[in-house]
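# Observations on the three-dimensional arrangement
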Amino acid sequence: MKRRNFLKAILATSFTIASTASVLTPLSALAKVGAKNRDDWLTTGSHFGAFRMKRKNGVIDQVKPFELDKYPTDMINGIKGLVYNPSRIRYPMVRLDFLLKGHKSDTRQRGDFRFVRVTWDQALTLFKQSLDEIQTNYGPSGLHAGQTGWRATGQLHSCTSHMQRAVGMHGNFVKKIGDYSTGAGQTILPYVLGSTEVYAQGTSWPLILDNANTIILWANDPYKNLQVGWNAETHESFEYLAQLKEKIKQGKIRVISIDPVATKTQNYLGCEKIYVNPQTDVALMLAIAYELYSNNLHDKEFIKAYSLGFDRFVPYLTGAEDGIAKDVLWAEKITGVPSDVIKALAKTMVSGRTQLLMGWCIQRQQHGEQPYWMAAVLATMIGQIGLPGGGISYGHHYSSIGVPSSGAAAPGAFPRNLDEGQTPLFNNEDFKGASSTIPVARWVDAILEPGKVIDANGAKVTYPDIKMMVFSGNNPWSHHQDRNRMKQAFHKLECVVSIDINWTATCRFSDIVLPACTTMERNDIDIYGSYANRGVLAMQKMVEPLYDSLSDYEIFTRFAKILGKEKEYTRGMSEFDWLKKLYNDCKADNDGKFVMPEFEQFWQDGYVHFGDGEPWTRHADFREDPEINPLGTPSGMIEIHSRKIERYQYDDCKGHPIWMEKKERSHGGPGSDKHPIWMQSCHPNKRLHSQMCESQEYRQTYAIQNREPVYLNPEDAKHRGIKNGDVVRVFNDRGQLLAGAVVSNNFPKGVIRIEEGAWYGPVGNDGSVNGGTEIGALCSYGDPNTLTLDIGSSKLAQACSAYTCLVDYEKFTGKLPAVSSFNGPLEIGV
């Protein structure tokens, strides 16, 4: 049968897959374990915190913070909007031309938002057939199902685990390594400090508050970023930030924020600020190191006892190696920081106990490995690593790192990989000479340049020829860079499948779209506090899934049934069975240490509390005895100079940290003559990346003329004739977007901010939604990655470089196009 006729036959046929008791959780089963009446206050958790919810007439009526959360985020006001919003995917949908022509469709139409509603059976059958075609024609190198982003909370309904387990039962696929948040940092720090550090528990806040004389917030905005977490967030860090604010007021601790902008944390704490030109932090760090070295202020004993390679670094620092002394006068010209300020800062760092708290943003740039490496060198020269209130941290702004951990065992998750002895339908491990794993931010490169060989972390990576991609619960059309380059890549793909809750831009540019339900529409359990590990939280279903949406467990159980592997997939257990198993396994792991009630009582109460933890100091064991407790570096020591990296012979990541000019840099740097403004695309204040942008009423509390805000310096805005509330066109050679002007003294001349996670909403030159397929299309809402640069940080990490980005802007004139980011598709009847 010809494929076109076969696809028509699929539309006319219903392949019924019965929902069985092994899939769904019967209400009677929950009743047996003491589940509350559905109109009582129920418990759930989210990245934004834990909540009690109450429903009325079948819908969520009231939301209040969990009683243990003393500092709930304002985002609680957007929670109901995560369930009830016009962006929800209501039914399984297939792109029109793909439905008619399958893998021979006109991919230039991808993104035109014309979709056909199909049944779940039809959609999952098409999904399976597309995988068949890819595995048959190309093998595993043709399929990328590695995932590239976040998830929803819950240990059972993990979108990545379900998708990769189910797709893995069909066949092998290309995976990724690293992530967008800390790609450069997590690659360089194992060479320097022996672990990724960015996701490691840090010195406890009580010890920092009791022992630090000075805290340096370097490109770090914890008061903004700690509103959200990987698991259900406890917000305990805000109690310590409140104590820090009081200590600053009393003159007991000095806090200095080093940043181009005045951060939310700086404004809250009322602390000092040192302005630095964007992307020049390494030059500032080098000048501080020069001051310490030339004035004999560095801790020579600590350097000798705990580090390796300082002698190889000094000739570069002093200029003996290249004829350029990295002194304060040299740095002043690059960084904009006055030489006397640099000198005073160097003396401050060694005048008492100093805690360096690094943010993640400065490693999301070209040569992003260098500021993290150089910061570790500074901490080593100060000599306080391993002391309470001293040393360096790379994560105190994330998921309450620094809150003392309970030490309890946390519940596990649904298995991501196949069980032992299981084999996929297409048991092919031949990647045709290509790499089976690629750096996370280089998948667009792979699509555009298959077969290209690149350097990555000491290895050679050969790009696979990717023909199909599967995304589940993550939104690469938010977090990847350069939308127009992405369009060119997606023109080359034969099939794209997305499983999500809402019509994100990723779904818009997909061929098969499957509707998942929200966390409030299914049962689960979660860890309360990713690093605090304060307890186990029940996530009790608030309402039934809207429309035809299903839980991740249900979606992929149905898919596994098509593969003939349902029992292998579920292990013969229902959702309810899995919840009990995950809880009871956690209970057994904590036996003798923490008392946990039986599952029935836990589900009734909604929470098990593990208690508070004991304060702890990062690297204290290493400092106590570096021979017994070595770091994970090749030498076991802090590596100021890395012989291993030096052997790679990379021109953009040498054997020790150095200052390197960027491809684009404002304030007199390359490219600033044409596009003079640096665009900062940091983590948002009122979202988690792109999550909660769909919450319509909450979005209106910060949107400007229905657009994402762009924060502007008053002088720059006045020069361009722009005032608060105007719509602004921001542009460069890579793209253009519209955003709403917010004029603020928090931002210096030559700097703007558009927070990442704003939903991409392309419109054609005529303002039409389906015109979004055009290369160069205007983004109607304000997605900053319409403008960002898609290059690797270096040959070492090959991480994203979103912060290396120059733009210009002007007041928008003419007829404003409607925002196209939050609507459903143009549903076509067939």
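Definitions and limits used
- Throughout, residues of each chain are indexed from 1 in the direction in which the sequence is written.
- Residues qualify for local features only when their pLDDT is at least 70, as the model is predicted, and side-chain atom pairs are given and counted only at 80 or more; totals for whole chains, interfaces and linings, by contrast, use all residues.
- Note that water and hydrogens are dropped before the side-chain values are worked out from all heavy atoms of the structure.
- Runs of E in the DSSP output that reach at least two residues are strands. Runs of H or I that reach at least four are helices, and both are numbered from the N terminus.
- As a reference, a globule follows 2.2 Å times the number of residues to the power 0.38, and the radius of gyration itself is taken over C-alpha atoms.
- Summary of the burial criterion: residues with accessible area below 20% of their type's maximum are buried, those above 50% are exposed, and those between are partly exposed, where the area comes from a 1.4 Å probe applied to protein chains only.
- By the convention used here, residues are in contact when the closest approach between their heavy atoms is within 4.5 Å.
- Shrake-Rupley sampling with a 1.4 Å probe provides the accessible areas, and residues are treated as covered by the protein chains on show and by no other component.
- His is not counted here, nor are the chain ends, while Lys and Arg score as positive and Asp and Glu score as negative.
- By convention, the charge on Lys lies at NZ, on Arg at CZ, on Asp at CG and on Glu at CD.
- Here, strands pair whenever DSSP counts at least two bridges between them.
- Angles here are taken between N-to-C directions and fall from 0 to 180 degrees, while the axes themselves are lines fitted to C-alpha atoms, restricted in helices to the stretch in contact.
- UniProt positions are given in the numbering used here, feature names are shortened, and annotations may be inferred rather than shown by experiment.
- When an angle is under 35 degrees it counts as roughly parallel; over 145 it counts as roughly antiparallel; between 65 and 115 it counts as roughly perpendicular; any other value is oblique.
- Take the far helix as the reference: if the near one is turned anticlockwise from it by less than a right angle, the crossing is left-handed, and if turned clockwise, right-handed.
- All amino acids are sorted into three groups, where Ala, Val, Leu, Ile, Met, Phe, Trp, Tyr, Cys and Pro are nonpolar, Asp, Glu, Lys and Arg are charged, and the leftover types, Gly among them, are polar.
- A pocket, in this scheme, is an open set of points on a 1 Å grid over the protein atoms alone with protein on both sides within 12 Å along at least 5 of 7 lines, while a cavity is a set where a 1.4 Å probe fits but cannot get out; residues line either one if an atom lies within 4 Å of a point.
- Grid points are joined across faces, edges and corners, and a volume is the space filled by probe spheres set on the points.
- Salt bridges are defined by distance alone: a side-chain nitrogen of Lys or Arg within 4 Å of a carboxyl oxygen of Asp or Glu.
- Side-chain rings of Phe, Tyr and Trp (the six-membered ring for Trp) are treated as a pair once their centres are within 6.5 Å; stacked means planes under 30 degrees apart, edge-to-face means over 60, and tilted covers the remaining angles.

Secondary structure assignment for the chain yields 29 helices and 32 strands. Relative to the 2.2 N^0.38 estimate, which gives 28 Å for 830 residues, the radius of gyration of the chain is 27 Å and therefore close to what a compact globule would have. Its C-alpha atoms put the chain at 80 × 65 × 55 Å along the principal axes. Within the chain, the fraction of its 830 residues that count as buried is 66%. Across the chain, every contact between residues at least 6 apart in sequence was considered, and the portion connecting residues at least 24 apart equals 77%. When the accessible surface of the chain is totalled, it reaches about 28,600 Å², and 48% of it is carbon and sulfur. Taken as two groups, the 92 positive and 91 negative side-chain charges of the chain have centres that lie 4 Å from each other.

We now examine the sheet that holds strand β1 (residues 42-46). Whenever strands of a sheet pair, they do so through backbone hydrogen bonds, lying parallel or antiparallel. On the basis of which strands lie adjacent, the open sheet formed by 3 strands has the order β1-β2-β3 and antiparallel pairing. Strands with a single pairing partner mark the edges of an open sheet, and in this sheet they are β1 and β3 (59-65). Taken over all neighbouring pairs, the strand axes of this sheet differ in orientation by 40° on average, direction set aside. Where strand β2 (residues 49-56) meets β3, 6 bridges bridge the pair, whose relative direction is antiparallel. By the bridge assignment, Met 53 is partnered in β3 with Val 63.

Moving on: the UniProt feature "domain: Molybdopterin oxidoreductase" (unreviewed entry) in the chain. UniProt records the feature "domain: Molybdopterin oxidoreductase" (unreviewed entry) at residues 88-561, using the numbering of this structure. The span residues 88-561 is 36% helix and 15% strand, and its two end C-alpha atoms sit 26 Å from each other.

All right, on to the packing of helix α12 (residues 281-294) against helix α16 (residues 339-349) then. Relative to each other, α12 and α16 sit at 65°, their axes nearing to 9 Å. What the angle tells us is that α12 and α16 run roughly perpendicular. Here α12 and α16 pass one another in a crossing that is right-handed. Residues Leu 284, Ala 287, Ile 288, Glu 291 and Leu 292 of α12 form the contact with α16, whose own contacting residues are Ile 342, Lys 343, Leu 345, Ala 346 and Met 349. In terms of residue class, the contact of α12 with α16 is built from 8 nonpolar, no polar and 2 charged.

So, about the UniProt feature "domain: Molybdopterin oxidoreductase N-terminal" (unreviewed entry) in the chain. Following the UniProt record, the feature "domain: Molybdopterin oxidoreductase N-terminal" (unreviewed entry) maps to residues 44-84 here. Secondary structure across residues 44-84 comprises 12% helix and 44% strand; the distance between its end C-alpha atoms is 17 Å.

Now for empty space enclosed by the protein. One pass over the full model with this rule turns up 5 cavities of 30 Å³ or more. Around the largest cavity, the lining is made up of 27 residues, and of these Lys 224, Asn 225, Arg 364, His 397 and His 683 lie nearest the centre. Each residue belonging to the lining of the largest cavity can be placed in one class, and the counts come to 10 nonpolar, 11 polar and 6 charged. Roughly 80 Å³ of volume is contained in the second largest cavity. Every residue lining the second largest cavity is listed: Ala 219, Asp 259, Pro 260, Pro 278, Gln 279, Asp 281, Cys 361, Ile 362, Gln 365, Trp 678, Gln 680 and Tyr 803. Here the lining of the second largest cavity is composed, by residue class, of 7 nonpolar, 3 polar and 2 charged.

With that settled, the discussion passes to the pattern of salt bridges. As enumerated under the stated definition, the model contains 42 salt bridges in all. Residue Arg 618 pairs with Glu 197 through a salt bridge whose shortest N-O separation is 3.0 Å. Of this pair, Arg 618 sits in the loop between β22 (607-609) and α26 (620-624) while Glu 197 sits in the loop between α7 (183-192) and α8 (205-211), placing them 421 residues apart in sequence. Considered together, Arg 618 and Glu 197 belong to a single accessibility category, that of buried residues. Among the charged side chains, a salt-bridge network with shared partners connects Arg 442, Asp 445, Arg 485 and Asp 790.

With respect to burial, strand β17 (residues 468-472) is a largely interior element, 5 of its 5 residues being buried. Here β17 shows no split at all, with Met 468, Val 470 and Ser 472 on one side and Met 469 and Phe 471 on the other all buried. For strand β6 (residues 143-144) and β17, the ladder comprises 2 bridges, and the chain directions are parallel. Each residue of the ladder has a partner; that of Leu 143, found in β17, is Met 468. Of the pairings in the sheet, the one linking β17 to strand β18 (residues 495-500) comprises 5 bridges and is parallel in character. The residue of β18 that forms the bridge with Phe 471 is Ser 498.

What follows is about the packing of aromatic side chains. Per the stated rule, a full pass over the model turns up 45 aromatic pairs. Judged by centre distance (5.4 Å) and plane angle (85°), the rings of Phe 66 and Tyr 528 are edge-to-face. In this pair, Phe 66 sits in the loop between β3 and α3 (79-83) while Tyr 528 sits in strand β20 (residues 524-528), placing the two residues 462 residues apart along the sequence. Like Tyr 528, Phe 66 is buried.

So, on to the sheet that holds β6. Across the sheet, which stays open at both edges, the 7 strands sit in the order β6-β17-β18-β19-β4-β5-β32 with mixed pairing between neighbours. Across the chains shown, the open sheet's two edge strands, defined by having one partner strand only, are β6 and β32 (826-827).

Looking now at the environment of Ala 262. Tracing the sequence through the fold places Ala 262 in the loop between β9 (254-258) and α11 (264-269). Ala 262 sits 486 residues away from Pro 748 along the chain, and the two C-alpha atoms are 8.6 Å apart. Setting aside its immediate chain neighbours within four residues, Ala 262 contacts Asn 267, Lys 273 and Asn 746.

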